[in-house]
Amino acid sequence: MTRSELVAEGLSVTFPGGMRALRDVNLRVGEREIVGLVGESGSGKSTLGRVIVGLQHSYSGTLTFAGEALDPRRTTKQRGAIQMVFQDPYASLDPRMTVWQLLDELLSVHRIGSGREDRRHRCEDLMRRVHLPVAMLDSRPVGMSGGQRQRVAIARALAVEPRFLVADEPTAALDVSVQARIINLFADLREEMGLSQLFISHNLAVVRSLCDRVAVIYRGEIVEMAATDAIFEAPQHDYTRQLLAAAPDLP
Ligand SMILES: Nc1ncnc2c1ncn2[C@@H]1O[C@H](COP(=O)(O)OP(=O)(O)OP(=O)(O)O)[C@@H](O)[C@H]1O
Ligand SMILES: [Mg+2]
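Given the structure is predicted, the values throughout are model-derived calculations rather than measurements.

A short note on the side chain of Thr228
Considering the arrangement of structural elements, one finds Thr228 in helix α8 (residues 228-233). Within the structure, the side chain of Thr228 is placed 3.4 Å from the backbone nitrogen of Arg213, a separation counted as a polar contact. Residues contacting Thr228, with those up to four places away along its chain left out, are Val207, Arg208, Cys211, Asp212, Arg213 and Val214.

Listed below in structure tokens is the structure:
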């Protein structure tokens, strides 16, 4: 494997009330690597994603990114380095703002770009990167399709020049017809920008086509982690076998 970009060691999360959402999770994601995270509903996938991206502050264990320890409260630079794309592009975008405002806001907060014109150029580049028309910078999310909104959400995640993306079921809310194109976009981001990714999905066929390795999580524990082919062709853990058997249309 290449050099590790992200290293999580012994991560545990217990929610108030005693719910143990993560138990002693160890995970490494290499440079330019896409790791899939699969497991049934409630197994802790989103919780792990939120810890990695810095949204879940209360956890035990350690996180290291590009050789640097990450504390639960991150610096602006550290927050920029690891970004998240959520399932629901409707909920994650303020419908009153134009795409330009949505992107420009982030560039300003992260002090990216020298002046308004430079930020506008950067936003135009972002639109091209996510395959949206540049003219759509002046539109609001309200009139857009689900796929277009998710592309805007991805552009927002990319705006702060991250090195790592956590994608939490990024196509689950979309029409089947646009899902494949959004999946291709995640593959392009790795090819073109070298972005490492943790890709959370219930869709095993998508995980199989996109990911280099797969981690299987069950009740907050990673029960198996291996190269994608090994997971699908020679699963070692009973739970992985059950998960594959329950998948409707795996090739
Ligand atoms: N803020 C919270 N407070 C209390 N319990 C929580 C909280 N967030 C998640 N949980 C619980 O932690 C467990 C893991 O939840 P999580 O959202 O990480 O699962 P998931 O694998 O992402 O599920 P899904 O596939 O349905 O999205 C669940 O039992 C959930 O009810
Ligand atoms: Mg979830």
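Here the narrative resumes, following the displayed structure.
A short note on the packing of helix α3 (residues 99-109) against helix α4 (residues 116-129)
Two elements in contact, α3 and α4, have axes whose closest approach is 10 Å; the angle formed by their N-to-C orientations is 115°. You can see that α3 and α4 cross each other, and the crossing is right-handed. Touching Val99, Trp100, Leu103, Asp104, Leu107 and Ser108 of α3 are Arg116, Arg119, Arg120, Arg122, Cys123, Leu126 and Met127, all from α4. Here the residues of the contact of α3 with α4 sort into seven nonpolar, one polar and five charged.

Overview of helix α9 (residues 238-246)
All of the buried residues in α9 are Tyr239, Thr240, Leu243 and Leu244. What you see down the axis of α9 is that its buried residues fit within an arc of 135°, all on one side. The outward face of α9, more than 90 degrees from its buried face, is lined by the exposed residues Asp238, Gln242, Ala245 and Ala246.

Brief notes about the packing of aromatic side chains
Summed over the entire model, instances satisfying the criterion amount to three aromatic pairs. An angle of 90° between the planes, with centres 6.1 Å apart, marks the rings of Phe65 and Phe164 as edge-to-face. Note that Phe65 is positioned in strand β4 (residues 60-65) and Phe164 in strand β7 (residues 164-168), a separation of 99 residues in sequence. Accessibility expressed as a relative area gives 6% for Phe65, which makes it buried. When the centroid spacing of 5.6 Å and the interplanar angle of 75° are considered together, the rings of Phe186 and Phe199 count as edge-to-face. Of this pair, Phe186 sits in helix α6 (residues 176-193) while Phe199 is found in strand β8 (residues 196-200), placing the two residues 13 residues apart along the sequence. Taken individually, Phe186 and Phe199 each receive the classification buried, so the pair is uniform in this respect. Sitting above the plane of the Trp100 ring, Arg120 keeps its charged end 5.0 Å from the centroid.

Some points on the pattern of salt bridges
Tallied over the full model, the rule gives 16 salt bridges. Glu191 serves as the salt-bridge partner of Arg190, at 3.3 Å between the closest nitrogen and oxygen. Under the relative-accessibility criterion, Arg190 is labelled buried at 13%. One connected set of salt bridges, linked through shared partners, spans Asp118, Arg122 and Glu161.

Describing the nonpolar core
Counting 53 residues, the largest nonpolar core has Leu103, Ile154, Phe186, Leu189 and Phe199 as its most contacted members. No other element matches helix α5 (residues 146-159), which puts seven residues into this core. Not counting residues up to four positions away in its chain, the partners in contact with Ile154 are Val85, Val130, Ile182, Leu185, Phe186 and Leu189. Counting residues in each nonpolar core, the second largest holds 28 residues, with Leu6, Leu48, Leu63 and Phe164 among its members.

Describing the site of ligand 1
Not every one of the 13 residues close to ligand 1 is listed here, only the nearest: Ser41, Gly42, Lys45, Ser46 and Thr47. For ligand 1, an oxygen atom lies 3.2 Å from a polar atom in the backbone of Ser43. Thr47 places a polar side-chain atom, nitrogen or oxygen, 2.6 Å from an oxygen atom of ligand 1. Burial of ligand 1 by the protein chains amounts to 59% of its free accessible area of 640 Å². Among the elements that make up the shell around ligand 1, the one with the highest residue count is helix α1 (residues 45-53) (three residues).

Criteria and cut-off values
Residues numbered from 1 in each chain as written. Chains lettered and ligands numbered in written order. Predicted model: local features only at pLDDT ≥ 70, side-chain atom pairs only at ≥ 80, totals over all residues. Heavy atoms only, no water. Helix = DSSP H or I, 4+ residues; strand = E, 2+ residues; numbered from the N terminus. Polar contact = N/O pair within 3.5 Å; in protein donor to acceptor, adjacent residues only side chain to side chain. Contact = heavy atoms within 4.5 Å. Axes fitted to C-alpha atoms, helices over the stretch in contact; angles between N-to-C directions. Left-handed = near helix turned anticlockwise from the far one by under 90°. Nonpolar A, V, L, I, M, F, W, Y, C, P; charged D, E, K, R; others polar. Buried < 20%, exposed > 50% of the residue type's maximum accessible area, 1.4 Å probe, protein only. Arc of directions from axis to C-beta. Phe/Tyr/Trp six-rings, centres within 6.5 Å; stacked < 30°, edge-to-face > 60°. Lys NZ or Arg CZ within 6 Å of the ring centre and 35° of its normal. Salt bridge = Lys/Arg side-chain N within 4 Å of Asp/Glu carboxyl O. Core = buried A, V, L, I, M, F, W, Y, C linked by side-chain atoms within 4.5 Å. Near = heavy atom within 4 Å. Areas by Shrake-Rupley, 256 points an atom, 1.4 Å probe, with all protein chains shown as cover.

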